[in-house]
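Observations on the model geometry
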Amino acid sequence: MLWRGIEIEPQWVLLSLLLIAIVVGRGRQFLTDWTPFLVLFLAYEVMRGFAGKTGFPHHDFSPLERLLFGGNLPSVFLQQHLYHPSVISW
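Conventions adopted
Residues numbered from 1 in each chain as written. Predicted model: local features only at pLDDT ≥ 70, side-chain atom pairs only at ≥ 80, totals over all residues. Heavy atoms only, no water. Helix = DSSP H or I, 4+ residues; strand = E, 2+ residues; numbered from the N terminus. Rg over C-alpha atoms; globule rule 2.2 N^0.38 Å. Buried < 20%, exposed > 50% of the residue type's maximum accessible area, 1.4 Å probe, protein only. Areas by Shrake-Rupley, 256 points an atom, 1.4 Å probe, with all protein chains shown as cover. Lys, Arg positive; Asp, Glu negative; His and termini not counted. Charge placed at Lys NZ, Arg CZ, Asp CG, Glu CD. Bend = angle between axes of the 7 residues up to and from the residue. Contact = heavy atoms within 4.5 Å.

1. Focus on the overall build of the chain
Along the chain, the regular secondary structure elements total five helices and zero strands. Order of helices (α) and strands (β) in the chain, N terminus to C terminus: α-α-α-α-α. For the chain, whose C-alpha radius of gyration is 22 Å, the value lies well above the compact-globule estimate of 12 Å for 90 residues. Expressed as lengths along the three principal axes of its C-alpha atoms, the size of the chain is roughly 60 × 40 × 35 Å. Sorting the 90 residues of the chain into buried and exposed places 8% on the buried side. Carbon and sulfur atoms form 68% of the exposed surface of the chain, whose accessible area is close to 8700 Å². Across the chain, the centroid of the 6 positively charged side chains sits 8 Å from that of the 6 negatively charged ones.

Here you go:
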C-alpha cells in the first residue's frame, strides 16, 4: 500500500491489533501488556511535528557547542577523526 501513496497511520494499526486481540479473547491482556509502549508511541506521533508549528524561530546551538568542546563541533571532530574514504568500517 505504501508504494501507491497510501499511508498507514498508527492509530489504525493500534485499532486493528486491538480488534484482533478482542476476537481472539485476549483484549484485556493486550491492553495491559502494550499500554505503556502504545502511550509512548502515540505521544511521539502527536509531538513529531509540534516543533515546526509553534512559530518559534530555529536556534543555532553551535556557538554553545564550540564553547563547551574547546572550539570544535563534536560531530565535525568525529567525522574528521573516524571517517576515512578508502576504508569501509562501521
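2. Section: helix α2 (residues 27-47)
If you look at α2, its biggest bend is around 60 degrees, right at Trp34, and the proline Pro36 turns up within four residues after that. For α2, every residue scored as buried is listed here: Gly27, Phe30 and Leu38. On its buried face, α2 is in contact with α1 (10-24).

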